[in-house]
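Here is how the chains run, residue by residue.
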Amino acid sequence: MSAGTLGAVAAFAGARWGRRPNDRAALEALQQKRLARFLADVLPRAPFYRDRPCTLAELPIVDKATTLARFAEFNTVGVTLDRALEVALAAERSRDFAPTLPGGVTVGLSSGTSGTRGVFLVSDAERARWAGVMLARLLTTASLRRIAGWGPPLRIAFFLRANSNLYATLGSRRIAFAFHDLLDPLSAHLARLNACPPDVVAAPPTVLRLLADAASTGALTIAPRQVVSVAEVLEADDAAAVAAAWDVPVQQVYQATEGFLGATCAHGRIHLNEDLLHIEPEWIADGATTPTRFHPIVTDFTRTTQVVARYRLDDVLRVADADCPCGAPTRSLASIEGRADDVLWRPGPDGRPLAIFPDVVRRAMALVGGLRDYRLEQHGGEWRVRVQPLEADLAVSVRRELTAMTARLGAVPPLVQVGAWEDTPLTGKRRRIRCLAR
Ligand SMILES: [Zn+2]
């Protein structure tokens, strides 16, 4: 057994069977202990933090722009941004993800929904731990039995844009792991899946939806027991299409290059991984007396190569309004509402800009019957909606629902333009609701 596999197994066992705090106080005590160790032992090894105070509250809040601009100061292995990009781009061009930096450090690249590319360094040990925790959080008991040695190995099909290196860690004798490059055409994926049907399919929701559609026409004949949505926000209609195709609930991983932030529990709710991360909510005022939406400020006390300390994400998270029936003390979410620029804006009753959150827009669009898919872009006062199929009564209905929704909020209704659908490539992140100009 390699050191990597050993690390994955250890992390797996810890996450699956280790003593987990069963109330909020115990969880916070555990966090504080891990946080103290991180602040004392890891943080000073990154030049950016060398001469800074050592309590979390006193550390500056950083974001993607800061950490990219001063990249070498945020890692503990002295790698510059140029060097990291060189390795990552070479791997992406060749689709050979084996080359790593000295010491087994891998470069992770994210396309970034807001346009800026994210670059992250991960060591072998971190990768192994990540894999172990991920499996522990997601695999059902039936799947685990297969890994433990009952029946044939567990087959996992993983769809990924780039950097399979991160995921290749998962491969072993008991797990047969198939990497599907999102740059390959759909027909190639269907042929491979039919030839070697996976037990677990993990893919961005865009791809899951295409696979579910292929299953409904008979072009895809697999029968996965677990379906996991990764990399993008899972929307309710995609989840429903997948559940209908294979009769399994879609599990969701909330993950960014910045880390493994959360995953769904047995009750289908996303819980933040607060035993591995400290997450401070930056509450967003939305007119309600108690705000329910926040930007997460993440401190990851499991990472030692690239330091993630008070790192503010653009994602908008909405907290669940009651404790989860699963009993876990970690914070659970009602939804991940994507990136901040998925919020649309209209003048409100007082003339000031009023935020219209994506889930509100989605609910309005859900009222439009017969809609297969849509994409909405705000261009100032104009909302351009591409719909599939484009039919006259459907366009009327889209206009009516969006106008009614904005009016209900007390906002000035936008000018709604409805146009024909355009396909996006598999590699393109689908963002249904985007604000290009306020
Ligand atoms: Zn739960």
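Before any of the text, the structure's been laid out above.
Residues numbered from 1 in each chain as written. Predicted model: local features only at pLDDT ≥ 70, side-chain atom pairs only at ≥ 80, totals over all residues.

Participant: Mind showing me how you'd approach the pairing of strand β6 (residues 226-229) here?
Facilitator: On a regular strand, one side chain projects to one face of the sheet and the next to the other, so that they alternate. Here β6 shows two buried faces, one formed by Gln226 and Val228 and the other by Val227 and Ser229. Inspection of the sheet shows strand β5 (residues 200-203) paired to β6 by 4 bridges, in the parallel sense. Within the sheet, the bridge partner assigned to Val200 lies in β6 and is Gln226. A crossover links β5 with its parallel partner β6, the connecting element being helix α9 (residues 205-217), and its sense is right-handed. (Buried ≥ 20, exposed ≤ 12 C-beta atoms within 10 Å, placed from the backbone. Helix = DSSP H or I, 4+ residues; strand = E, 2+ residues; numbered from the N terminus. Pairing = 2+ DSSP bridges. Right-handed = clockwise from strand over helix to strand, strands pointing away.)

Participant: For this particular structure, what's the right way to read the environment of Thr206?
Facilitator: Within the fold, Thr206 resides in helix α9. For Thr206, a count of 23 C-beta atoms within 10 Å gives the class buried. Thr206 sits 26 residues away from Glu232 along the chain, and the two C-alpha atoms are 8.3 Å apart.

Participant: How should the packing of α9 against helix α10 (residues 236-246) be read in this particular structure?
Facilitator: Two numbers describe a pair of packed helices, the interaxial angle and the distance between the axes. Between α9 and α10, the least distance of the axes is 9 Å, while the angle of their chain directions is 35°. In this structure, α9 crosses over α10, and the sense of that crossing is left-handed. Between α9 and α10, the contacting residues are Pro205, Leu208, Arg209, Ala212, Ala215 and Ser216 on the first element and Asp238, Ala241, Val242, Ala245 and Trp246 on the second. Taken together, the residues of the contact of α9 with α10 sort by class into 8 nonpolar, 1 polar and 2 charged. (Axes fitted to C-alpha atoms, helices over the stretch in contact; angles between N-to-C directions. Left-handed = near helix turned anticlockwise from the far one by under 90°. Contact = placed C-beta atoms within 7 Å. Nonpolar A, V, L, I, M, F, W, Y, C, P; charged D, E, K, R; others polar.)

Participant: What is the right way to read the nonpolar core from this model?
Facilitator: Nonpolar side chains in soluble globular proteins tend to be buried together. Ala202, Leu208, Leu211 and Val242 are the most contacted members of the largest nonpolar core, which has 98 residues in total. Residue assignment places this core across two domains, with domain 1 (1-336) and domain 2 (343-437) each supplying three or more. Sequence-distant contacts of Leu208, defined by excluding residues within four places in its chain, comprise Ala203, Val227, Ser229, Asp238, Val242 and Val250. (Core = buried A, V, L, I, M, F, W, Y, C linked by C-beta atoms within 7 Å. Domains from an automatic or database assignment.)

Participant: Sorry, what's going on with the packing of helix α11 (residues 358-366) against helix α12 (residues 392-408) here?
Facilitator: In the contact formed by α11 and α12, the axes pass within 9 Å of each other and the chain directions differ by 140°. Here α12 runs oblique to α11, going by the angle between their axes. Note that α11 runs across α12; the crossing there is right-handed. Contacts from Val360, Ala364 and Met365 in α11 reach Glu401, Leu402 and Met405 in α12. Tallied by class, residues from the contact of α11 with α12 come to 5 nonpolar, no polar and 1 charged. (Parallel < 35°, antiparallel > 145°, perpendicular 65-115°, else oblique.)

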